[in-house]
Amino acid sequence: MKRAIAGTLAVMFFLSAFLWIPQSSSALQRADICFDDWEACRTRALESDEGFVKTTLWLTVCDVALGKCVLGFTKL
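Throughout what follows, the structure given in this document is the object of discussion. The structure displayed is predicted, hence computed values, not measured ones.

## Remarks on the overall build of the chain
Move 1: Along the backbone of the chain there are three helices and zero strands.
Move 2: Taken from the N to the C terminus, the helices and strands of the chain come in the order α-α-α.
Move 3: Relative to its 76 residues, the chain shows a buried fraction of 11%.
Move 4: As displayed, the chain offers around 6,500 Å² of accessible surface, 68% of which is attributable to carbon and sulfur atoms.

In structure tokens, the structure reads:
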């Protein structure tokens, strides 16, 4: 029974990884834009004259925005 469960989970994992990987060049271009925006956001946050707490919050906002952009929750 344990082998059947492990096998099913392994098949589901590999199938979901195969289906999740972006196949088109437009998806890769979107990811490049997302990471460029993320790097710019982090640079601005780290170069600001804000305190430790505000800088940490801005870095968190940059990370959340990157996640939303890569997953396609926002339009470019």
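Having put the structure on the table, let's press on.
## Quick look at the packing of aromatic side chains
Move 1: Per the stated rule, a full pass over the model turns up one aromatic pair.
Move 2: Considering the side-chain rings of F35 and W38, the 6.3 Å spacing of their centres and the 90° angle between planes classify their relative orientation as edge-to-face. Linking F35 with W38, this pair stays in helix α2 (residues 25-47), spanning three residues, or about one helical turn.
Move 3: Given a relative accessible area of 24%, W38 falls into the partly exposed group.

## Here's the deal with the state of the cysteines
Move 1: All chains considered together, the criterion is met by two disulfides.
Move 2: The side chain of C34 participates in a disulfide bridge whose partner is C69; the two sulfur atoms lie 1.9 Å from each other. Because the torsion about its S-S bond is -70°, the bridge between C34 and C69 counts as left-handed. With a gap of 35 residues between them, C34 in helix α2 and C69 in helix α3 (residues 52-71) connect regions that are remote in the sequence.
Move 3: A sulfur-sulfur distance of 1.8 Å marks the disulfide that ties C41 to C62. Negative torsions about the S-S bond denote left-handed disulfides, and the value of about -75° found for C41 with C62 makes this one left-handed. Separated by 21 residues along the polypeptide, C41 in helix α2 and C62 in helix α3 bring together distant segments of the chain.
Move 4: C62 sits in the buried class, given a relative accessible area of 2%.
Move 5: Cysteines bonded in the chain are numbered consecutively along the chain; their disulfide partners then correspond to 1-4, 2-3.

Analysis parameters
- Residues numbered from 1 in each chain as written.
- Predicted model: local features only at pLDDT ≥ 70, side-chain atom pairs only at ≥ 80, totals over all residues.
- Heavy atoms only, no water.
- Helix = DSSP H or I, 4+ residues; strand = E, 2+ residues; numbered from the N terminus.
- Buried < 20%, exposed > 50% of the residue type's maximum accessible area, 1.4 Å probe, protein only.
- Areas by Shrake-Rupley, 256 points an atom, 1.4 Å probe, with all protein chains shown as cover.
- Phe/Tyr/Trp six-rings, centres within 6.5 Å; stacked < 30°, edge-to-face > 60°.
- Disulfide = S-S within 2.5 Å.

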